[in-house]
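Structural overview for review
One letter stands for each residue in the lines below.
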Amino acid sequence: MVKIGIIGCGKIAQVRHIPEYLDNKSAQLIGFFDVNQERAADIASQYGGRAYKSYQALLADPSIDAVSVLTPNFTHAEIAIAALRAGKHVLCEKPMATTLADCEAMAAAARETGRKLMIGQNQRLAAAHQKARELLQAGAIGEVITFQTGFSHSGADQWSIDGRSSWFMDRSRSCFGAMADLGVHKTDLMVYLLGSPIVQASAVIGTLQKKYPDGTPITVDDNAFCTFVMRNGVTGTMHASWTNYGREDNATSLYGTTGAMHIYKDPAHAIVIERGGTERTCFDTDAIQTNDSQTKSGIIDLFIDCILRDTAPVISAEDVLPAMRAIFACAKSAEQGGGLVDIGSL
Ligand SMILES: NC(=O)c1ccc[n+]([C@@H]2O[C@H](COP(=O)([O-])OP(=O)(O)OC[C@H]3O[C@@H](n4cnc5c(N)ncnc54)[C@H](O)[C@@H]3O)[C@@H](O)[C@H]2O)c1
């Protein structure tokens, strides 16, 4: 049995991590911490286990084997590294951290301690994304030339347990807005689908509409328009947005030398492959998870499995570093006016 501590008891803890741990026969939830101590105490009384007064106290408990780090972005590196050094295995939510140095320090801490560090880039686990990768590798649309990907919904203020006063809207705690909240999912997805790191990135970001309750604009981007050049030459665009007040959009299209592939774009089919104007092949793997319709991501089962089998995590810190480098390159590009930034210059 793997005994689990939850650090950060907000929305993602409540809709994904806790239900998926409860569903795993080899995991047992035994400890909870949140800076909102009442929230941690409520969760502990609901699911059993103990609420701690600090994350350090939770990490000092030798009965805890592994933790989920589900706190605001600026705390990920500090808490994840402390947990690894305390001998715990760590599943840390995305974005991995708020500086490249912190991301690299997390990866180094995992190597040095020999503990598992897995990052919550769960889009890799969506059935259509796994099928699409297999189809692309088999040459279903020939050589990929370009792509466009995007993720947009009505914003983290509509999602967070603390609503419009959430840390998501505060640059000092989130560091990025839509670009690293939603954009990091699609950035990591393109690295995963194409099997190639991003070597150059550019971005125009803006706060176009979101405001604090007092009417002043939020201090992070609510829209990010990014361009990625992959090492294999494939070039494409990614749009992340918190200002889509229609149906959540989480679609990706890839255009190759013999056809096009659309993932989660057609409401009726998870993957559509088009060759010419008339030939269509459809794959009905699953429907994409949305904020309003949470389905099992499978990330907890994989985390527990890698601990029990002592195998490498399926989504390791090293796997996710290329996407994080691209996000930091986008931030640099936006600061410099939107031109392409070499990943090597970071
Ligand atoms: N993989 C995904 O698809 C996905 C989806 C949503 C959120 N996330 C990530 O999960 C993390 C948590 O997001 P959320 O949606 O649960 O946010 P949330 O605002 O709903 O909850 C955050 C919780 O953390 C607590 N907190 C704040 N500072 C803390 C600290 N220093 N130590 C401990 N607890 C602290 C808050 O009181 C709150 O309960 C973020 O990094 C976010 O980007 C990932």
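Preceding block: the structure.
1. Describing the packing of helix α4 (residues 76-85) against helix α5 (residues 100-113)
Contact pair α4 / α5: the axes reach a minimum separation of 9 Å and the direction vectors enclose 10°. Between α4 and α5, the crossing angle belongs to the class labelled roughly parallel. For the pair formed by α4 and α5, the contact residues are H76, A77, A80, I81, L84 and R85 on the first element and D102, A105, M106, A109, A110, E112 and T113 on the second. Taken together, the residues of the contact of α4 with α5 sort by class into eight nonpolar, two polar and three charged.

2. Let's talk about the sheet that holds strand β1 (residues 2-7)
Whether parallel or antiparallel, the strands of a sheet pair through hydrogen bonds between backbone atoms. The parallel open sheet is built from six strands, whose spatial order is β3-β2-β1-β4-β5-β6. The strands lining the two open edges of the sheet, one partner per strand, are β3 (50-51) and β6 (117-119). Pairing between strand β2 (residues 27-33) and β3: two bridges, direction parallel. Across the sheet, the residue bridging to F32 is A51, located in β3. Here helix α10 (residues 299-309) sits on the sheet and contacts β1, β2, β4 (66-69), β5 (89-92) and β6; the angle it forms with β5, its principal contact strand, is near 160°.

3. Concerning the pairing of β4
Judged by which residues are buried, β4 turns out to be covered on both faces: A66 and S68 on one side and V67 and V69 on the other are all buried. With four bridges joining them, β1 and β4 adopt parallel strand pairing. By the bridge assignment for β4, I4 is matched with A66. Judged from the four bridges that link them, β4 and β5 form a sheet pairing that is parallel.

4. Section: the site of the ligand
Inspection of the region around the ligand gives 28 residues, with D34, R39, N122, W159 and S160 positioned closest. Between D34 and the ligand, the recorded distance is 2.6 Å, taken from a side-chain N or O atom to an oxygen atom. With the chains in place, 91% of the 850 Å² that the ligand exposes on its own is no longer accessible. Examining the composition of the shell around the ligand, we find that three residues originate from one element, helix α1 (residues 11-22), more than from any other. Its residues placed into classes, the shell around the ligand shows eleven nonpolar, eleven polar and six charged.

5. So, the packing of α5 against helix α11 (residues 317-335)
For the pair α5 and α11, the least separation of the axes is 10 Å and the interaxial angle reads 175°. In terms of orientation, α5 lies roughly antiparallel with respect to α11. Here L100, C103, E104, A107 and R111 of α5 lie close against α11, whose contacting residues are A317, E318, L321, M324, R325 and F328. Looking at the contact of α5 with α11 residue by residue, the class counts come to seven nonpolar, no polar and four charged.

6. Re the nonpolar core
In this structure, I6, Y21, M106, F228, L254 and M261 are the most contacted members of the largest nonpolar core, which totals 114 residues. Take this core: its biggest share by element is ten residues, from α11. Two domains each provide a minimum of three residues to this core, namely domain 1 (2-122 + 298-314) and domain 2 (123-293 + 323-345). Excluding anything up to four places from it in sequence, I6 contacts A13, H17, I18, Y21, L29, G31, F32, F33, L58, S68 and L70.

7. A closer look at the pattern of salt bridges
All told, the structure shown has 15 salt bridges when counted by the stated rule. K210 serves as the salt-bridge partner of D157, at 3.1 Å between the closest nitrogen and oxygen. Taken together, the residues D157 in the loop between β7 (144-152) and α7 (171-174) and K210 in the loop between β8 (198-206) and β9 (223-230) connect sequence positions 53 residues apart. On the basis of relative accessibility, which here comes to 4%, the residue K210 falls in the buried class. The partner of R275 in a salt bridge is E279, with the nearest N and O atoms 3.1 Å apart. Among the charged side chains, a salt-bridge network with shared partners connects D23, K296 and D301.

8. Re the environment of K296
Mapped onto the secondary structure, K296 falls in the loop between β14 (279-283) and α10. Among the residues examined, K296 registers a relative accessible area of 44% and is labelled partly exposed. Sequence-wise, K296 and P322 are 26 residues apart; in three dimensions their C-alpha atoms are separated by 26 Å. Not counting the four nearest positions on each side in its chain, K296 is found in contact with E20, D23, Q289 and D301.

9. Structural notes on the pairing of β7
Note that β7 and strand β11 (residues 252-256) share five bridges and pair antiparallel. Considered in β11, the bridge of Q148 is made with S253. In the sheet, β7 pairs with strand β10 (residues 235-241) via seven bridges, with the strands oriented parallel. In the sheet register, G150 faces β10, and the bridge partner there is H239.

Analysis parameters
Residues numbered from 1 in each chain as written. Predicted model: local features only at pLDDT ≥ 70, side-chain atom pairs only at ≥ 80, totals over all residues. Heavy atoms only, no water. Axes fitted to C-alpha atoms, helices over the stretch in contact; angles between N-to-C directions. Helix = DSSP H or I, 4+ residues; strand = E, 2+ residues; numbered from the N terminus. Parallel < 35°, antiparallel > 145°, perpendicular 65-115°, else oblique. Contact = heavy atoms within 4.5 Å. Nonpolar A, V, L, I, M, F, W, Y, C, P; charged D, E, K, R; others polar. Pairing = 2+ DSSP bridges. Buried < 20%, exposed > 50% of the residue type's maximum accessible area, 1.4 Å probe, protein only. Near = heavy atom within 4 Å. Polar contact = N/O pair within 3.5 Å; in protein donor to acceptor, adjacent residues only side chain to side chain. Areas by Shrake-Rupley, 256 points an atom, 1.4 Å probe, with all protein chains shown as cover. Core = buried A, V, L, I, M, F, W, Y, C linked by side-chain atoms within 4.5 Å. Domains from an automatic or database assignment. Salt bridge = Lys/Arg side-chain N within 4 Å of Asp/Glu carboxyl O.

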